[in-house]
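# Coordinate inspection notes
Each chain, letter by letter, is given below.
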Amino acid sequence: MENKAIYILAIESSCDDTSAAVMCNNRTLSNVVATQKIHEEYGGVVPELASRAHQQNIVPVVHQALAKANIDKKQLSAIAFTRGPGLMGSLLVGTSFAKSLSLGLNIPLIEVNHMQAHILSHFIVEDNYKIPSFPFLAMTISGGHTQIVLVKNYFDMEVLGESLDDAVGEAYDKSAKILGLPYPGGPLVDKYAQLGNPKAFPFPKPKVEGLNFSFSGLKTSILYFIQRETKNNPNFIAENRDDICASIQHTIVNILMDKLKKAVKQTGIKQIAIGGGVSANSGIRQALAEAESKWGWTTYVPKFEYCTDNAAMIGIVGYLKHQEQDFTKQDVTAQARYIL
Ligand code: KG4
Ligand code: ZN
């Protein structure tokens, strides 16, 4: 449409990461993330503490993003922010900040759906990363969501299936908690899984219709298994940590891959893009790489910094909406539940 460089300042505050990014068109100039450590002590995100930490972090994080990008706020073309879904108190901090800044600078405001942003992060241009073409299937796997989405165009998406209970990241974190690992446990289960035998302890896979998921049964069966085994041997976890983690990972990756295979069969689409924190997982990355050679899929895994919550993914959506002059009015409010 236009050749002029568009500079977008993007803000993400939907959960427990305060992030700001500056984009120049579809490229990232800076992407600063302040991860809140406070929740580790509580074994999960405490909403009230998250919103307070966002209030403390947001100004320094935005300053840092502008400084790293070497951009003055007067050069900005628009402000993009996460409107939802997420924790209300957390969303309110980013939303209010974005609204005031856009008003102060007299530049457009652009609302972004966090789940759409995880998917559209694949359109950030990065060396050595390919960009999917439409239509493709996206699997968003995070601490709050598990979805398989048919992506027909940037803003034309259809949810084909989703979790009926816990999200896959939650399944990782709750299993980790049962094993006495600190929050968030997903990365640790992944780390130990790579050292263990994935077939050591078979866990049942849930039977869920269609492309939907369920992870709460798995968590319960892991809990009962650990309770039973530690009754016989109090050192069971310590002695079998790697095998337990490998077995949990094997089960979760199989659940995800089974549904993806079903989605490919149902749609005939073999282009698969993943997003969300769990896409950092080594097991799912390996399974997708194998699917390329086994079944001729083309798979897209985001750069590590775009897997977990970050503002650059909000910025790319901001840029795409800016191309369409799709701006948001000042009376916009945060939305905790915000469907695709
Ligand atoms: O997308 P994200 O940063 O935040 C949400 O929007 O939820 O995802 C965080 C989730 C946590 O549950 C975390 O344990 C999980 O992603 N996670 C992982 C890995 N890295 C992060 N789970 C499994 N393996 C990993 N390597
Ligand atoms: Zn997320």
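How each quantity is defined
- Residues numbered from 1 in each chain as written.
- Chains lettered and ligands numbered in written order.
- Predicted model: local features only at pLDDT ≥ 70, side-chain atom pairs only at ≥ 80, totals over all residues.
- Heavy atoms only, no water.
- Donors = N, O, S within 2.8 Å, 3.2 Å for Na, K, Ca; no water.
- Tetrahedral: all angles 85-135°; square planar, octahedral: opposite > 155°, others 65-115°.
- Pairing = 2+ DSSP bridges.
- Helix = DSSP H or I, 4+ residues; strand = E, 2+ residues; numbered from the N terminus.
- Axes fitted to C-alpha atoms, helices over the stretch in contact; angles between N-to-C directions.
- Contact = heavy atoms within 4.5 Å.
- Near = heavy atom within 4 Å.
- Polar contact = N/O pair within 3.5 Å; in protein donor to acceptor, adjacent residues only side chain to side chain.
- Areas by Shrake-Rupley, 256 points an atom, 1.4 Å probe, with all protein chains shown as cover.

## Thoughts on the coordination of the zinc ion (ligand 2)
Ideal values for angles at a metal depend on the geometry: 109.5 degrees with four tetrahedral donors, 90 or 180 degrees with six octahedral donors. The protein atoms that coordinate the zinc ion (ligand 2) are His-114 (NE2), His-118 (NE2) and Asp-309 (OD), at distances of 2.1 to 2.2 Å. Taken together, the 4 donor atoms coordinating the zinc ion (ligand 2) span angles of 91 to 154° at the metal, a pattern that classifies the geometry as irregular.

## What to know about the sheet that holds strand E6 (residues 136-141)
Read across the sheet, 5 strands follow the order E8-E7-E6-E9-E10 without closing on themselves; strand pairing throughout is mixed. Each edge of the sheet is formed by a strand with only one pairing partner; in this case those strands are strand E8 (156-162) and strand E10 (298-300). On average, each strand axis in the sheet is inclined to that of its neighbour by 25°, with strand direction left out of account. Relative to strand E9 (residues 271-275), E6 runs parallel, the two sharing 4 bridges. Residue pairing in the sheet places Met-139 in a bridge with Ile-274 of E9. On top of the sheet, helix H7 (residues 236-267) reaches E6, strand E7 (146-153), E8 and E9; it is set at about 160° to E6, its chief contact.

## As for the site of ligand 1
In the neighbourhood of ligand 1, 19 residues make up the surrounding shell, with Gly-143, Asp-173, Asp-190, Gly-277 and Asn-281 lying closest. Taking Asp-173, its side chain carries an N or O atom lying 2.6 Å from an oxygen atom of ligand 1. A distance of 2.9 Å separates a nitrogen atom of ligand 1 from a polar atom in the side chain of Asp-190. For ligand 1, whose free accessible area comes to 550 Å², the fraction covered by protein is 89%. At the level of secondary structure, the elements contributing two or more residues to the shell around ligand 1 comprise helix H3 (114-120), helix H4 (168-178) and helix H5 (186-193).

## Re the pairing of strand E3 (residues 27-35)
A regular strand places its side chains so that they alternate between the two faces of the sheet. Relative to E3, strand E2 (residues 17-24) runs antiparallel, the two sharing 8 bridges. Following the sheet pairing, Asp-17 is matched in E3 by Thr-35.

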